[in-house]
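Structural characterization, general
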Amino acid sequence: MAGSKPLKLFFWLFGSACVVVIYYLSLEAIDFNAATFGTDIKHFFGFLGRMVPPDFSNFDQLINPLLKTFQMAILGAFLGALLSVPLIIFGSQIITQTPFIFWPVRMLMNLIRTVPDLLYAVLFVVALGYDLMAGVGALTFFSCAIISKLTSESADNINRKPIEAVQATGARRFQVIRFGIMPQLLPAFMDHLIYVLELNVRVSAVLGFVGLGGIGQQWLTALDWLNYKKALAVILVIFALVVIIDLIGNRIRDTLLYGGQLRKASRVFFNTLTIVGSIALIFWSWSSLELSLQRILDGLASLKNVGSAMVNPIQQILAFSGLGALFGIVIENPEATTVARYGEHALVQMGQSLAIALLGTTISFVLAFPLGLLASRKHTGIPEPVAIGIKQVSNAIRAFPELVLAVFFAASFGFGPMAGVLAIGLHSIGMMGKMNAEIVEKIRKEQVEALQATGAKRLQVFQYGILPQLLPEFIALGIYRFEIDIRAAAVLGVVGAGGIGKLLKEAQDFRNWELVGLCLLVIIPVVITIDFLSARIRRRLIEGAASN
Amino acid sequence: MTKPILSIKNLSVIYPSAKGAKALDNVSVEINQGEFVVIAGVSGSGKSTLLRCINRLAENDRAQITGSVVFGSIDVLNASSAQLRQIRSHIGFIFQEYNVVERLPILTNALTGTLSLTGFWRSLFSAFKQSDKVLAHHALMRVGINETRHTDRASNLSGGQKQRVGIARALLQKPKIILADEPVASLDPITANVVMNIFKKINEEEGITTIVTLHDPVLTFKYGKRIIGMKQGKLIYDKPISAINRETFEEDIYGRIETT
């Protein structure tokens, strides 16, 4: 970096001023009120108090919705995985060597990932009506986005040496993929598939918020009747399902992928059992949700409803920006259009969503820092039981989706953006605490040992041997979390926690599909832009850390 | 005089990342049927690039290759991709990092050597011919891997054992020539000798032409029957072992070692 000292100082001051202004504006945007904050916190704990003990008396009524949720999750993961296979193949630089193919496919992949899960649900409700199939559709896209994104990242990082060895034997392209690439990629794919299945249960539990049935609906009903004890029972049931899937999924994955030590006979037995079991589960879900190919085709045909909901606002935006004439778009009575009536409001609400995400991420970043350090016993000298205990803290927090937390906070802090900030903040602490701990686990011990060998004190070792390895990674992770939190903040309004989601929910309730379209047109470009910027900054941070 | 199995003429290579510096500079050499050649030189002298040009693996690193490589009677550098696969199937290539697919069983790793003769459906379901499997077992046992281990995953092997799997893979190609790129550089001295002895035996028993690159002068002397020296992309030395002056050998190839 060339640059004179005063210039650097100027940029530093200017940057700090910008940060201060941004945070001030964010606090303004969420109507932060320090005076009432203390009493609201008291309310929150009072509210939690009213939920215990959980009321399991109607447990038998929960079983059916729970099964429906589980079935939606399974079908969504399965169909999403199917859909992701061509994306992974054609979006991979190693498999498809033509940039003309893999770049557009990658862009499509990013676009699919951009849309928050609940927005897919809204879209499918627009197309298919309030039907469990809309839930399956939303989960399919959600799963496809995550599996294809994560697996392509693994594909970019696979070891190229074995691929070269297979090439050197004179194998054909297909054989190189089959023997050089597939064995390396399959574990990652399976890994992400099981992870998505677990995520799907959580997500399908909140799909009830937009009217899509399943266990989420039960929860909302309980809350509407102010039956908090029953609401807690429902949450615990969802939580139990997630934990069970997690446990079984990890077992299956470990045996499938790392079962090299097993005897061949038992390996074959286990693999057959898994495959047969999965097929049976898929068929069971398929028939139980009364899906059929015909219904899916009908559903796809009605997706054009979504199209028209999007097209009209686009036309209006073009007309207002003066570009309409170029495309020959004429709008009668422009004051009455959706864009004229709601355009500004939508932008202000999106601004509030950004503020919610920024403040929520900041809170979690600050708190997850010590949580991550303390959860790893490596190098930090934390006794093992303490480290494991702290790890469980972030695991427990992370189990509750933002939306569920948002409902709790909205009930005690009032409907509004503050509930959103706290929900995002708390959930992100769980996620970042866990990932920070994983970063700490991966510290290179050579550098630490080199400092210890010089006779440095513990704090010095930390400052010069550990912190420099951690800081860029932590910050990169925080920025990445901001990306995710923006998606969450955009939809949290659905449960009354402020931001553009509130407008979206109102639009959906009044079946004003054009306004739904307008909300999407505001959310998607903002999310894409922030994703793009964040990816660049993160790359700078990590690579800069490596080269300096 | 018989025709050489491999003849390289005026071969030059530039990597775009190296800003015009030549990785190989006008190298010409002929290798005859049945020879055991060691290419010696420090790292970065162009040994690997030379080997990787013979089956055009160097193109994976975007190398720009000029000159000519003739293998048998085929012009390698102008071969179509189908011809290139044909050529590669006759060349057994051994890598420094072994390049085994760790998650596949040892047997399957060896069997990848038969892929050029295996059809679409058999490859898709990893259903290799019984006769090939028998050959694979034999090849693995020949390089010293017990039959009890053949269905284990390759990730459970030590470095020296992985390299043996790499050799078995090459043997299954029934190669006319074996190219080994620093095959023992990642191994301890004892294991290195064991692996080098395998190459020596294959060369002596089956007459398969073998070219090995080594950076270690001791091993170079011990196993080479003809020694080629390379320095900064140029071929600077080429003598049969009988004609080598051991006193000046190291200085001839590696250059005078500056001591201050």
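Residues numbered from 1 in each chain as written. Chains lettered and ligands numbered in written order. Predicted model: local features only at pLDDT ≥ 70, side-chain atom pairs only at ≥ 80, totals over all residues.

1. Examining the overall build of chain B
Broken down by element type, chain B carries nine helices and ten strands. At 19 Å, chain B has a C-alpha radius of gyration in line with the 18 Å of a compact globule built from 260 residues. Principal-axis analysis of the C-alpha atoms gives chain B an extent of 55 × 40 × 40 Å. Restricting to contacts in chain B with at least 6 residues of sequence separation, those with at least 24 account for 69%. (Helix = DSSP H or I, 4+ residues; strand = E, 2+ residues; numbered from the N terminus. Rg over C-alpha atoms; globule rule 2.2 N^0.38 Å. Contact = placed C-beta atoms within 7 Å.)

2. Regarding the overall build of chain A
Check the secondary structure of chain A and you find 22 helices and zero strands. Against the compact-globule benchmark of 24 Å for 548 residues, chain A has a radius of gyration of 25 Å, which places it among compact chains. In terms of principal-axis extent, the alpha carbons of chain A reach across some 75 × 65 × 60 Å. For chain A, the residues scored as buried account for 41% of the 548 residues in total. (Buried ≥ 20, exposed ≤ 12 C-beta atoms within 10 Å, placed from the backbone.)

3. A look at the interface of chain A and chain B
The interface of chain A with chain B comprises 21 residues on the first partner and 29 residues on the second. Ranked by residue count, the leading element in the side of chain A that touches chain B is helix α8 (residues 173-206) of chain A, at eight residues. Of the residues contributing to the side of chain A that touches chain B, the split by class is nine nonpolar, seven polar and five charged. (Nonpolar A, V, L, I, M, F, W, Y, C, P; charged D, E, K, R; others polar.)

4. Observations concerning the packing of helix α16 (residues 384-398) of chain A against helix α18 (residues 417-441) of chain A
All names here are of chain A. Contact geometry of α16 with α18 gives a least axis separation of 7 Å together with a crossing angle of 140 degrees. By the criterion of interaxial angle, the relationship of α16 to α18 is oblique. The handedness of the crossing between α16 and α18 is left-handed. Side by side, α16 and α18 meet where K391, S394, N395, I397 and R398 of the first sit next to L426, H427, I429, G430, M431, G433, K434 and A437 of the second. Partitioning the contact of α16 with α18 into residue classes produces five nonpolar, five polar and three charged. (Axes fitted to C-alpha atoms, helices over the stretch in contact; angles between N-to-C directions. Parallel < 35°, antiparallel > 145°, perpendicular 65-115°, else oblique. Left-handed = near helix turned anticlockwise from the far one by under 90°.)

5. Points about the nonpolar core
Counting residues in each nonpolar core, the largest one holds 221 residues, and the members touching the most others are A:A121, A:A406 and A:C519. Two domains each provide a minimum of three residues to this core, namely domain 1 (59-302) and domain 2 (307-547) of chain A. (Core = buried A, V, L, I, M, F, W, Y, C linked by C-beta atoms within 7 Å. Domains from an automatic or database assignment.)

6. Focus: helix α1 (residues 47-54) of chain B
All names here are of chain B. Among the eight residues of α1, eight are classified as buried, and the element is accordingly described as predominantly covered. Listed in full, the buried residues belonging to α1 are K47, S48, T49, L50, L51, R52, C53 and I54. Phi turns positive one or two residues past the end of α1, at R56, with a value near 60 degrees.

7. Side note on the domain arrangement of chain A
Residue and element names in this part refer to chain A. With domains assigned, chain A is organised as domain 1 (59-302) and domain 2 (307-547). In this structure, domain 1 and domain 2 have C-alpha centres spaced 22 Å apart. For the side of domain 1 that touches domain 2, the element with the most residues is helix α5 (residues 117-128), which contributes five residues. Of the residues assigned to the side of domain 1 that touches domain 2, the class counts are 14 nonpolar, one polar and one charged.

8. A short note on unusual backbone geometry
Residues and elements named next belong to chain B. With phi around 60 degrees, R56 is a residue other than glycine that occupies positive phi space. Relative to the assigned elements, R56 resides in the loop between α1 and β4 (64-71). Overall, R56 belongs to the buried group, with 20 C-beta atoms counted inside 10 Å. Of note, the phi angle at N99 is positive, near 50 degrees, even though the residue is not glycine. Topologically, N99 is positioned in the loop between β6 (91-94) and α3 (106-111).

9. Quick word on the environment of A:A368
Residue and element names in this part refer to chain A. Relative to the elements of secondary structure, A368 occurs in helix α15 (residues 338-374). For the pair formed by A368 and S428, sequence separation is 60 residues and the distance between their alpha carbons is 8.3 Å. The contacts of A368, once residues within four sequence positions are left out, are I429, M432, G433 and N436.

10. Re the sheet that holds strand β7 (residues 177-181) of chain B
All names here are of chain B. Spatial ordering of the open sheet is given by β6-β7-β8-β3-β9-β10, a layout of six strands whose pairing is mixed. This sheet does not close on itself; its edge strands, each paired only once, are β6 and β10 (234-240). Mean inter-strand twist for the sheet, computed between neighbouring axes without regard to direction, equals 15 degrees. Together, β3 (36-40), β7 and β8 (209-214) form the strand contacts of helix α7 (residues 189-206), whose direction differs from that of β8 by roughly 160 degrees. (Pairing = 2+ DSSP bridges.)

11. Observations regarding the pairing of β6(B)
A regular strand carries its side chains on alternate faces of the sheet. All names here are of chain B. Of the two faces of β6, both are covered, the one formed by I91 and F93 as well as the one formed by G92 and I94. Both β6 and β7 contribute to a ladder of four bridges, which runs parallel. Paired with F93 across the strands is L179, a residue of β7.

12. Quick word on the environment of B:S12
Residue and element names in this part refer to chain B. Checked against the element boundaries, S12 lands in strand β1 (residues 6-14). A sequence separation of 148 residues divides S12 from G160, and the C-alpha atoms of the two residues are 33 Å apart. Discounting chain neighbours no more than four positions away, the residues touching S12 are K22, L24, D25, N26, T66 and G67.

13. Points about the packing of helix α3 (residues 59-91) of chain A against helix α9 (residues 215-224) of chain A
Residue and element names in this part refer to chain A. Put simply, α3 and α9 touch, their axes get as near as 7 Å, and they point 135 degrees apart. Considering their axes alone, α3 and α9 lie oblique with respect to each other. In contact with L62, P65, L66 and T69 of α3, α9 contributes I215, Q217 and Q218. Its residues assigned to classes, the contact of α3 with α9 shows four nonpolar, three polar and no charged.

14. Looking at the confidence of the model for chain A
For chain A, the mean per-residue pLDDT works out to 82, and 93% of the residues sit at or above 70. Across chain A, helix α7 (residues 160-168) of chain A holds the top mean pLDDT of 91, while helix α14 (residues 324-327) of chain A sits lowest at 67. (pLDDT = per-residue confidence, 0-100.)

15. What about the sheet that holds β1(B)?
On the basis of which strands lie adjacent, the open sheet formed by four strands has the order β2-β1-β4-β5 (chain B) and antiparallel pairing. Of all strands in the sheet, those bounded by a partner on one side alone are β2 (22-31) and β5 (74-75) of chain B.

16. Structural notes on the pairing of β8(B)
All names here are of chain B. Burial within β8 is extensive, with six of its six residues counted as buried. Covered by surrounding structure in β8 are T209, I211 and T213 together with T210, V212 and L214, the residues of both alternating faces. As paired elements, β3 and β8 share five bridges and run parallel to each other. Of the residues in β8, the one forming a bridge with V38 is V212. Pairing analysis gives five bridges linking β7 to β8, with the strands arranged parallel. In the sheet register, L179 faces β8, and the bridge partner there is I211. Each parallel crossover has a hand, and the one from β7 via α7 to β8 is right-handed. (Right-handed = clockwise from strand over helix to strand, strands pointing away.)

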